[in-house]
Amino acid sequence: MNINELREHLCSEYPDLCPLFSVEYGDGVLVVDASRLHDAASDLRDLGFDRLGMVTAVDTGDEFELVYRLQSREMHAGIFVKARVARDIASIASVTDLWPAANWQEREVYDLFGITFEGHPDLRRILLTDDWVGHPLRKDYQDDRIIRRPDYI
Amino acid sequence: MTEQTIVNIGPSHPSTHGVCRVVVTLDGEIVTHAEPIIGHLHRGIEKMAENRTYLQVVPLTDRLDYVGSMYANWAYCRAVERLAGIRVPERAEYIRVIVCELQRIASHMMGIGSTGADTGAFTAFMYAFAQRDHVVELFEALCGARLTYNYVRPGGVSMDLPEGWVEKCRAFTAQHPSAMLELDRLLFGNVIARARLKGVGVLSAEDAVAWGASGPTARGSGVDWDLRRDDPYSVYPRFDFQVPLGENGDSYDRARIRLWECVESCKIIDQALDQLEPGLVKAEGLPRLLAPRPGDAYDHIESARGSLGVYLVSDGTPRPYRMKVRSPAFCNLALLPLLAEGHTLSDLVVILGSLDPVFGEVDR
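A quick note: this is a predicted structure, and the numbers were derived from the prediction, not measured. (Residues numbered from 1 in each chain as written. Chains lettered and ligands numbered in written order. Predicted model: local features only at pLDDT ≥ 70, side-chain atom pairs only at ≥ 80, totals over all residues.)

Trainee: Kindly report on the overall build of chain A, identifying the contributing residues and their values.
Mentor: Across its full length, chain A holds three helices and seven strands. Taken from the N to the C terminus, the helices and strands of chain A come in the order α-β-β-α-β-β-β-β-α-β. Across the 153 residues that make up chain A, the buried fraction comes to 36%. Within chain A, counting contacts between residues at least 6 apart in sequence, those at least 24 apart form 47% of the total. (Helix = DSSP H or I, 4+ residues; strand = E, 2+ residues; numbered from the N terminus. Buried ≥ 20, exposed ≤ 12 C-beta atoms within 10 Å, placed from the backbone. Contact = placed C-beta atoms within 7 Å.)

Quick look at the structure:
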């Protein structure tokens, strides 16, 4: 399968999301509903995206945007899968059953953003100590030791 | 089965190659479970980046992989350039390739040298470090720093090559391959080192892919994947080089292909020096304060440890809204429990060394 066939396949499988799928520099972006994330990831894995490169999140204010980067060695392509979860829910299905690589990466997102991954076998803090209070990469995280650097404009 | 013993190695222990704690469950001398506890070097670089301008983040990236600072510089700058739509002059791309291939040699010398030290071949460590020192001296002549270079900048590199540097670099690449052959005989031909490395910590190709391993860790298992060739960036398509592959996926293959990668790096450097033309080393007309359009960008390069990616989100202000570093060492280290199970405690040290983690990058 090449990248154009992949685009056609995704447009037929995810018709409502088709306009959001773009191929730029070989990297597609697929925005899915959080409830469909695991299905989409599983689908993409079966299509040849055998590597999970990155799992991360962005705090957009009201929501968290989860960003997964998958990579296909066969197609020489990468794809981003993005899903948004509400801040007060902050929970999404884990993909550790598809790629064991997600294990530590999801733990990191849990540690720094406080997003829980349902079905994760071992969801604990990884970078910070177990008794740490709060999740530092949230934009509303407060710590007296953070000093805002001056504005340069 | 005898009673299980729990042994705590680290966080500060010479054989963990940095600040890593490994909680090992032992049955006699055999490891039944090894759990790495990381985060001792977590400085919150991703959080700190949100409080700095795009240019001020570059020195922070130096502190990620501190034996391969050029890579983090470059990966970050590529993400910024993609976000801000900056075109990099050709000479700057060549210089970036040259310094990053030199960096690969410097980093692999550390990796191979410590493999030698782990297996008791301390002489090999000294041979490798002599080679590493040549590279570090080249970098010192280039930018004044021996470890944290802050050399690759958004739009190019901070300064042009100094006078006489190209000749010094050629003198280095002329002697390096033969030094590698000597090191190969000295370390990988040694009967003790072979006994300590062969068949220890075998990683299958399927596991390497599923666990997201990259770089020499994946290629040691025969996973034929190198971003320089398979997702080409910069001027890499213009160079002729091979990607060394291992067969058995054991510590021996992982350590030894690093050595052949250094020889291939020399070929790339020689070709790049031949093709190097005079010109600008930094894009013209860059604003003093970068404030890219709102949006996100990701870029990755093949670092000495594997696919090093930087994901940047901009909200249109002069500071990154979010920076994520996809660290190859972090993903590779996650394999340790899988690889160490069933081996002796002394082999655990060898396996950890063969993954060549740098904890600045693991913990960020």
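After that view of the structure, there is still more to cover.
Trainee: Mind laying out the overall build of chain B, listing which residues take part and the relevant values?
Mentor: Each helix and strand counted, chain B has 15 helices and ten strands in total. Against the 2.2 N^0.38 benchmark of 21 Å for 364 residues, chain B shows a C-alpha radius of gyration of 20 Å, consistent with a compact globule. Oriented by its inertia axes, the alpha-carbon framework of chain B measures out at about 70 × 45 × 35 Å. Looking at chain B residue by residue over its 364 residues, the buried ones come to 55%. Sequence separation of at least 24 residues holds for 71% of the intrachain contacts in chain B that already meet a minimum separation of 6. (Rg over C-alpha atoms; globule rule 2.2 N^0.38 Å.)

Trainee: Which residues make up the interface of chain B and chain A, and what values go with them?
Mentor: Note on interface size: it is often stated as the accessible area lost on association of the parts. With 30 residues of chain B at the contact, the number on the chain A side is 25 residues. Counting residues per element, the ones that place at least two in the side of chain B that touches chain A are helix 1 (45-49), helix 8 (205-210), strand 9 (307-314), strand 10 (322-326) and helix 12 (328-333) of chain B. If you tally residues by element for the side of chain B that touches chain A, the top one is strand 9 of chain B, at four residues. Taken together, the residues of the side of chain B that touches chain A break down into 13 nonpolar, eight polar and nine charged. (Nonpolar A, V, L, I, M, F, W, Y, C, P; charged D, E, K, R; others polar.)

Trainee: Residues and numbers for the sheet that holds strand 5 (residues 30-37) of chain B, please.
Mentor: Residues and elements named next belong to chain B. Read from one edge to the other, the open sheet built from three strands follows the order 1-4-5, with strand pairing classed as antiparallel. The open sheet has two edge strands with one neighbour each: strand 1 (4-9) and strand 5. On average, each strand axis in the sheet is inclined to that of its neighbour by 20°, with strand direction left out of account. Bridge count between strand 4 (residues 21-27) and strand 5: seven bridges; the pairing is antiparallel. Residue D27 lies in a different strand from strand 5, and its bridge partner there is I30. (Pairing = 2+ DSSP bridges. Axes fitted to C-alpha atoms, helices over the stretch in contact; angles between N-to-C directions.)

Trainee: An account of the sheet that holds strand 9 of chain B is needed here, citing residue identities and associated values.
Mentor: Residues and elements named next belong to chain B. Sheet architecture is open: three strands sit in the order 8-9-10, paired in antiparallel fashion. Edge positions in the sheet fall to strand 8 (295-302) and strand 10, since each of these pairs with one other strand and no more. Adjacent strand axes in the sheet meet at a mean angle of 10° when their direction is disregarded. Sheet analysis places strand 9 next to strand 10, joined by five bridges and oriented antiparallel. The residue bridging V313 from the neighbouring strand is R322, located in strand 10. Of the strands in this sheet, strand 8 and strand 9 touch helix 3 (residues 69-84), which is tilted by about 145° from strand 8.

Trainee: Outline the environment of A255 of chain B, listing residues and values.
Mentor: Mapped onto the fold, A255 of chain B is located in helix 11 (residues 251-275). Expressed as a C-alpha distance, the spacing of A255 of chain B and P216 of chain B, which sit 39 residues apart in the sequence, is 7.9 Å.

Trainee: Please provide a residue-by-residue account of the environment of G215 of chain B, values included.
Mentor: Residue and element names in this part refer to chain B. Here G215 lies in the loop between helix 8 and helix 9 (216-219). Expressed as a C-alpha distance, the spacing of G215 and A329, which sit 114 residues apart in the sequence, is 9.4 Å. When sequence neighbours within four positions are dropped, the list of residues in contact with G215 reads S303, A304, R305, G306 and P328.

Trainee: Run through the pairing of strand 3 (residues 51-59) of chain A, naming residues and quoting values.
Mentor: Residue and element names in this part refer to chain A. Counted residue by residue, strand 3 has nine buried out of nine residues, so it is predominantly covered. Here eight bridges tie strand 3 to strand 4 (residues 63-72), and the two strands are oriented antiparallel to one another. If you follow V58 over to strand 4, its bridge partner there is E65.

Trainee: Lay out helix 3 (residues 102-113) of chain A with the relevant residues and their values.
Mentor: In this model, helix 3 of chain A (twelve residues) spans 16 Å end to end at C-alpha, consistent with the 16 Å of a helix rising 1.5 Å per residue. Of all the twelve residues making up helix 3 of chain A, twelve are buried; the element is thus mostly covered by neighbouring parts of the structure. Among the residues of helix 3 of chain A, A102, N103, W104, Q105, E106, R107, E108, V109, Y110, D111, L112 and F113 of chain A are the ones counted as buried. Considering only its buried residues, helix 3 of chain A is in contact with strand 3, strand 4 and strand 7 (116-118) of chain A together with helix 12 of chain B. (Expected span 1.5 Å × (residues − 1).)

Trainee: Quick rundown of the confidence of the model for chain A? Include the residues and the values.
Mentor: Residues at a pLDDT of 70 or more form 87% of chain A, whose mean pLDDT is 82. Looking over chain A, one finds the lowest element-wise mean pLDDT in strand 1 (residues 23-24) of chain A, namely 49, and the highest in helix 3 of chain A, namely 92. (pLDDT = per-residue confidence, 0-100.)

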